[in-house]
Amino acid sequence: MGCSHSTSELPDNSIPLTPISSLKFASNKNSTSMSGKDIGNSEGNLEMDKIRHLLKEYIETERKIQILEVNNPVTVFYVKKSQLDQIDINIEEKMKNIESLKQNLHFNSTNRSSKTRSGTRGTSNRRKFERSVHEVLINMGDKIFGQEEQEILASTNKLEIALTELEMHHQEKVLLGNDVAQLVTILSEMSEEYKKQDYILSELGLDENFQTATSDEESELVDLESARITISEIFERWREARNELLEASSQFSMVLVNIEESSKTPTIETPIVSTNGRGQYEIGEEIRDRLVSIWQALHNVQFLVGRDLPYCTDTELPILEKAMTYLFIDLRTHERRKHATNCYCAFQRRTLALLAWVEKTIEVVIQPILALKQEEVDEKTKLLSQLRVKNLYNKYWFVAVEYCLIALMSKKLPAESIMGES
């Protein structure tokens, strides 16, 4: 294809995979002893009907394998499984983080109560430990927040953000778990078809000369398949990262719409509603959920790409986290709302820039290399298929024409590759 790229240009974020070809041909390499048994010693040991049945069955298994391999299930399985494993890690870490936030809120609440009891106002003015952002906002009313009030609200909101993240992790785990389960079923079917195909070949008794002639070709195919799967895994990861960024940029657009909507209501706590009948707290809660979704998407991109990003970096994401934490404070005044809007606009631009970078990398680097490796694998697979078919043709010439027609119907091999020179 004239591609000048090499695999060294790709980020090293792959995990070891088992080449498909090593599954396909593994038992073939050990079938020499079987082909030397009574079944393969003479053509007369196999009845013509059985030979015809085996040849047709071989073509049918080949057709099934082609269908099962269409969407690259081996590679997709490893990518999805790695994501599922990472979700389990995220859930465990988030649960620890939630417990820490709860303890911190309780500790701060106890300290505030102690200070109030020792002050001149007495215990009647002691602040109550609040459990939700909405309760905090209602109790504080429309007054201007001081530093302490802002920290109370921010800490409570931070806990609710963590709880929302945990819920989203569990939802994502269910979806990924279903995907992995479906892929396991497909891979099990593929494995059974490979075993069935190898058994058929052993029953047909391919001779030792054929095994020797194809061993080097099979070894080369294993190496090619391994390289293709590595690149294919990178492609799947970057494509998934692209989808995450598309979702994040879409969510940013809705965040800006929601902020504009919230500006039509003077305060969060009062019953005044916006033009579509929604209160400011309800709007703020929706903004927060969207921001959490964006936050998780950007972290997923980091995991999937597996290398430093040019935008939305580790030094930039804490700014977005802080903006989420102080969201309900930012929505209270025009000045802070404007500042938050500018922050989200900047992050949206950087998300779109990251999306463009990912798409360009896929188009210019990853896809050409993958296409080249796929072409090499296809050529080697075709060669092995031709050698196998020719061997069967030479051994069972009396049903070769029938087999040739079946093979042509499967659209796998041209007639000249099947007939060859007898």
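Residues numbered from 1 in each chain as written. Predicted model: local features only at pLDDT ≥ 70, side-chain atom pairs only at ≥ 80, totals over all residues. Heavy atoms only, no water.

Colleague: Where do I start with the overall build of the chain in this structure?
Modeller: Each helix and strand in the chain was counted, giving 15 helices and zero strands. The buried share of the chain, taken over its 422 residues, is 47%. Sequence-distant contacts in the chain: of pairs separated by 6 or more residues, those separated by 24 or more amount to 84%. Summing over all exposed atoms, the chain offers an accessible surface of approximately 21,600 Å²; the carbon and sulfur share of this is 52%. (Helix = DSSP H or I, 4+ residues; strand = E, 2+ residues; numbered from the N terminus. Buried < 20%, exposed > 50% of the residue type's maximum accessible area, 1.4 Å probe, protein only. Contact = heavy atoms within 4.5 Å. Areas by Shrake-Rupley, 256 points an atom, 1.4 Å probe, with all protein chains shown as cover.)

Colleague: Sorry if this is basic, but what is going on with the nonpolar core here?
Modeller: One recurring pattern in soluble globular proteins: nonpolar side chains tend to sit buried together. Counting residues in hydrophobic clusters, the biggest one holds 56 residues, and the most contacted among them are Leu-153, Ile-287, Leu-291, Ile-294, Leu-320 and Tyr-344. Put simply, the parts of the chain that give this core at least two residues each are helix H7 (133-140), helix H8 (147-204), helix H9 (208-262), helix H10 (280-305), helix H11 (317-325), helix H12 (327-330) and helix H13 (334-395). Discounting chain neighbours no more than four positions away, the residues touching Ile-287 are Val-255, Asn-258, Ile-259, Leu-327 and Leu-331. With 14 residues, the next largest nonpolar core counts Val-76, Ile-98, Ala-162 and Leu-183 among its residues. (Core = buried A, V, L, I, M, F, W, Y, C linked by side-chain atoms within 4.5 Å.)

Colleague: Help me understand the side chain of Thr-351, please; the structure alone is not making it clear to me.
Modeller: With respect to the element layout, Thr-351 can be found in helix H13. Judged by its relative accessible area of 0%, Thr-351 is buried. Here the side chain of Thr-351 touches Phe-347 through a polar contact of 2.8 Å, landing on its backbone oxygen. Not counting the four nearest positions on each side in its chain, Thr-351 is found in contact with Leu-245, Ala-248, Ser-249, Phe-252, Leu-298 and Cys-312. (Polar contact = N/O pair within 3.5 Å; in protein donor to acceptor, adjacent residues only side chain to side chain.)

Colleague: What's the story with the packing of H8 against H13 in this structure? I'm lost.
Modeller: The geometry of a pair of packed helices is captured by two quantities: the angle between their axes and the separation between those axes. Close contact between H8 and H13 brings their axes to 18 Å; oriented N to C, the two are set at 5 degrees. Of the possible angle classes, the one that applies to H8 and H13 is roughly parallel. Judged by residue contacts, Gln-150, Gln-197, Leu-201 and Leu-204 of H8 engage Arg-336, Arg-388, Leu-392 and Lys-395 from H13. Of the residues contributing to the contact of H8 with H13, the split by class is three nonpolar, two polar and three charged. (Axes fitted to C-alpha atoms, helices over the stretch in contact; angles between N-to-C directions. Parallel < 35°, antiparallel > 145°, perpendicular 65-115°, else oblique. Nonpolar A, V, L, I, M, F, W, Y, C, P; charged D, E, K, R; others polar.)

Colleague: Is there a simple way to explain unusual backbone geometry in this structure?
Modeller: Backbone geometry follows two general trends: most residues other than glycine have a negative phi, and most peptide bonds adopt the trans configuration. Of note in the backbone geometry, Asn-72 takes a positive phi value of approximately 55 degrees without being a glycine. Overall, Asn-72 belongs to the buried group, its relative accessible area being 15%. One non-glycine residue, Cys-312, lies in the positive phi region at around 55 degrees. Turning to its location among the elements, Cys-312 is positioned in the loop between H10 and H11.

Colleague: Would you mind showing me how to read the state of the cysteines here?
Modeller: Cysteine pairs can be linked by a disulfide, which is a covalent bond between their two sulfur atoms. Summed over all chains, the structure comprises zero disulfides. With no disulfide of its own, Cys-345 lies 9.3 Å from the sulfur of Cys-343, the closest cysteine sulfur. Overall, Cys-345 belongs to the partly exposed group, its relative accessible area being 21%. (Disulfide = S-S within 2.5 Å.)

Colleague: Looking at this structure, how should I read the environment of Lys-80?
Modeller: With respect to the helices and strands, Lys-80 occurs in helix H6 (residues 73-117). Distance in space between the C-alpha atoms of Lys-80 and Glu-236 is 9.6 Å, their sequence separation being 156 residues. When near neighbours in sequence (up to four residues on either side) are disregarded, Lys-80 contacts Leu-176, Asp-179, Val-180, Leu-183 and Glu-240.

Colleague: Any chance you could explain the packing of helix H5 (residues 48-68) against H8 here in plain terms?
Modeller: Contact geometry for H5 and H8: axes closest at 9 Å, N-to-C directions at 155 degrees. In terms of orientation, H5 and H8 fall into the roughly antiparallel class. Where H5 crosses over H8, the two elements pack in a sense that is left-handed. Across the interface between the two elements, Lys-50, Ile-51, Leu-54, Leu-55, Glu-57, Tyr-58, Thr-61, Glu-62, Lys-64, Ile-65 and Leu-68 of H5 pack against Ile-186, Glu-189, Met-190, Glu-193, Tyr-194, Lys-196, Gln-197, Ile-200, Leu-201, Glu-203 and Leu-204 of H8. (Left-handed = near helix turned anticlockwise from the far one by under 90°.)

Colleague: Would you take a moment to explain H10 for this structure?
Modeller: Taking 1.5 Å per residue, 26 residues should reach 38 Å; H10 reaches 37 Å between its end C-alpha atoms and fits that length. Two residues or fewer after H10 comes Gly-306, characterised by a positive phi angle close to 70 degrees. (Expected span 1.5 Å × (residues − 1).)

Colleague: I keep staring at H8 and nothing clicks. Help me out?
Modeller: One full turn of an α-helix is made of 3.6 residues, so residues set three or four places apart face in the same direction. Its 58 residues place the ends of H8 83 Å apart at the C-alpha level, agreeing with the 86 Å of an ideal helix rising 1.5 Å per residue. Gly-205 sits one or two residues past H8 and shows a positive phi near 70 degrees.

Colleague: How should the side chain of Thr-156 be read in this particular structure?
Modeller: Structurally, Thr-156 can be placed in helix H8. Reaching out from Thr-156, the side chain makes a polar contact with the backbone oxygen of Ile-152 at a distance of 2.8 Å.

In short, shape yes, function no, at least from these values alone.
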